[in-house]
Amino acid sequence: MSSIPLPVRPAFTFPLSNGAPHAFAALGSAFFTRLPATPLPAPYVVGFSPETAALIGLPADAAMSPGFAEWFAGNPTREWSGDTLPLASVYSGHQFGVWAGQLGDGRALLLGEAEGPAGRQEIQLKGAGLTPYSRMGDGRAVLRSSIREFLCSEAMHHLGIPTTRALSIVGSDAPVRREEIETAAVVARVAPSFVRFGHFEHWFSNDQPDRVRELADHVIDRLYPGCRKAVNPYLALLAVAVERTALMVAHWQAVGFCHGVMNTDNMSILGLTIDYGPFGFLDGFDANHICNHSDNRGRYSYKNQPQVAYWNLFCLAQALLPLLGEGEAGVEAAQGILETYRGHFAGGLDRLLRAKLGLVEPREGDDGLANRLFEVMHANRADFTLTFRNLAAVSRHDARGDSPVRDLFLDRAAIDVWLAEYRTRLESESRDDADRAIAMNRVNPRFILRNHLAETAIRQANEKDFSEVERLLDVLRHPFDEQPGREAYAALPPSWASSLEVSCSS
Ligand code: AMP
Ligand code: MG
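Here is a short report on the structure shown in this document.

About the thresholds
- Counting from 1, residues in each chain are numbered in the order their sequence is written.
- Whichever chain is written first is A, and whichever ligand is written first is 1; the rest continue in order.
- It should be noted that, the model being predicted, local features are given only for residues of pLDDT at least 70 and side-chain atom pairs only at 80 or more, the latter also being counted only at that level, while totals for whole chains, interfaces and linings use all residues.
- Only hydrogens and water are set aside when side-chain values are computed; all heavy atoms of the structure are taken into account.
- The rule is simple: take the accessible area with a 1.4 Å probe, protein chains only, and divide by the maximum for that residue type; under 20% is buried, over 50% is exposed, in between is partly exposed.
- Secondary structure counts use DSSP, requiring at least four H or I residues in a row for a helix and at least two E residues in a row for a strand, with both numbered from the N terminus.
- This arc is taken over the directions from the axis of the helix to the C-beta atoms.
- Only heavy atoms enter the contact rule, under which two residues are in contact if any of them lie within 4.5 Å.
- A 3.5 Å cut-off defines polar contacts: any pair of N or O atoms within that distance qualifies, except that in protein one atom must be a possible hydrogen donor and the other a possible acceptor, and neighbouring residues in sequence count only when both atoms are side-chain atoms.
- In this description, a donor is an N, O or S atom within 2.8 Å of the metal centre, a cutoff extended to 3.2 Å for sodium, potassium and calcium. Water is not part of the atom list, which can make sites seem incomplete.
- In these notes, residues near a molecule or strand are those with any non-hydrogen atom within 4 Å of it.
- Each accessible area is a Shrake-Rupley result for a 1.4 Å probe, and residues are judged covered by the shown protein chains and nothing else.

Residues of helix H18 (residues 467–476) that are buried: Glu468, Val469, Leu472, Leu473, Val475 and Leu476. Around the axis of H18, the buried residues are gathered within 160 degrees of arc, so they sit on the same side. Turning to H18, the residues buried within the fold contact strand S2 (44–48), helix H5 (143–158), strand S9 (165–177) and helix H17 (451–462).

As structure tokens, then:
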């Protein structure tokens with residue numbers, strides 16, 4: 001990257017000194033601790049997303065400014081005092097189904113807000129040093145996990161899946177101890193809010209319903225103003241959180257994404273995918289796939305995700321209970337809303353799968369058709385992404401276009417049975433093959449962040465070559481396009497990828 005350096009000041013003081021009231025800070029000091037970031041020595045830019053920059057009013061070449069790395073490492077500590085200091089928020093949560101008590105932003109700091117074309121956005125630095133909530137941690141994040149979070153945040157956005165965004169990765173040679181010594185990095189994350197289910201659980205568990213209410217009011221006023229019009233705005237808040245979470249998980253299932261750590265402190269009240277750790281996109285389809293090496297029992301396996309999200313919403317409902325009505329009436333109201341989860345999820349997934357199969361009109365039996373495909377995929381460990389992508393080549397008239405799908409399956413007879421069923425279903429629609437293929441290629445990605453692609457970018461970045469991070473980001477920016485010359489990014493994983501393990505350590 002080379003270009004004329006921008007003036008540093010006007011571009012980078014805005015999040016802290018634009019004088020605008022900072023909504024989360026207005027909640028009051030019980031909700032957070034203000035503190036500066038811990039400076040990171042000699043920071044350098046590893047990755048940058050121009051689209052996320054635009055969201056917060058930064059120019060597309062902002063990362064070329066000499067001050068950028070310092071700012072987004074959290075280094076300009078002299079500029080911060082009093083009300084302009086960043087803050088770490090307090091939350092609690094259930095981890096792996098067990099109440100974990102107080103957690104909080106152990107390595108994330110909220111810098112402030114910026115007004116952009118899509119409204120106000122919060123800017124958070126992840127890996128910016130110790131906070132009062134760091135517990136046994138060091139407040140840092142390593143380059144490896146930061147590259148994964150950065151790339152996946154942006155990839156998910158371009159796939160049309162609700163997510164927090166990533167502006168930048170800033171690295172440093174400062175050592176960080178994990179299983180081995182690695183180097184530190186800071187990801188600048190951007191989202192309208194970073195409030196988690198765990199923020200509500202925190203005050204509920206501390207028996208402070210007034211704080212639960214303050215937080216709910218903040219979220220409603222700031223993010224869900226429509227809820228105010230409801231008879232009980234807090235019930236409306238729960239309802240919208242249920243709906244958005246259900247749709248988020250439907251998207252995950254439809255694209256083969258495993259989050260890996262669906263603890264209640266990693267669930268966004270906005271239904272955004274948040275806290276990218278040991279996540280993974282499925283290569284060969286295995287419904288029982290566990291992407292988190294530390295998840296011994298598979299609580300967060302691919303197939304369990306919809307049920308776990310429901311369980312997490314249950315925790316949220318419990319935390320909101322004091323606001324939902326008196327006694328039994330409140331419980332019944334909450335249960336009624338939780339019951340809508342199944343419909344939102346199933347409806348969302350049906351719609352997504354119908355589009356993935358290229359079907360226009362819903363018909364009885366469509367879910368069975370999709371399920372039978374998943375069964376054959378599972379039995380054959382057929383590649384999730386390529387199976388769906390290649391379905392666009394199947395013709396409604398004859399089997400001549402079957403081979404791109406067929407070749408992904410060892411058991412040809414089994415996939416032939418399914419393809420025959422699929423063809424019969426396609427024949428019942430009026431859309432021709434060409435139009436269907438165009439529509440399917442808009443919803444079935446060709447490019448996803450496969451583990452081995454991230455790993456290649458990480459290995460090169462560890463050698464100080466960041467060009468693959470930039471190239472991969474560019475590939476993932478257009479997941480539905482053919483991108484001639486980039487076929488390798490869409491290919492099946494190489495044999496070395498099967499030994500990759502993703503641990504919780506980040
Ligand atoms: P996670 O499962 O990564 O979302 O993190 C769970 C909790 O541990 C959160 O409170 C994090 O802030 C905290 N945490 C994770 N890693 C670190 C670290 N290296 N230093 C301090 N806190 C951490
Ligand atoms: Mg977390």
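Now for the side chain of Arg446. Mapped onto the secondary structure, Arg446 falls in the loop between helix H16 (433–441) and H17. A polar atom in the side chain of Arg446 sits 3.2 Å from the side chain of Glu482. Ignoring anything within four residues of it in the chain, the contact list for Arg446 reads Thr385, Arg389, Pro479, Asp481, Glu482, Glu487 and Ala490.

Attention now moves to the coordination of the magnesium ion (ligand 2). For the magnesium ion (ligand 2), the full set of protein donor atoms is Asn266 (OD1) and Asp275 (OD), and the range of their distances to it is 1.9 to 2.1 Å. We classify Asn266 as buried; its relative accessible area is 10%.

Contacts to ligand 1 come from 17 residues, most closely from Gly104, Gly106, Arg135, Gly139 and Asn266. Gly139 places a polar main-chain atom, nitrogen or oxygen, 2.8 Å from a nitrogen atom of ligand 1. The side chain of Arg178 places a nitrogen or oxygen atom 3.4 Å from a nitrogen atom of ligand 1. Burial of ligand 1 by the surrounding chains reaches 81%, relative to a free accessible area of 480 Å².

The subject of this paragraph is the side chain of Asn312. By the secondary structure assignment, Asn312 is in helix H9 (residues 305–324). The exposure class of Asn312 is buried, given its relative accessible area of 0%. A polar atom in the side chain of Asn312 sits 2.9 Å from the backbone oxygen of Met262. With near-sequence residues (within four places) excluded, Asn312 lies in contact with Phe197, Met262, Asn263, Thr264 and Met267.

On to the environment of Phe447. Here Phe447 is to be found in the loop between H16 and H17. It is 4.7 Å that separates the C-alpha atoms of Phe447 and Pro479, two residues lying 32 residues apart in sequence.

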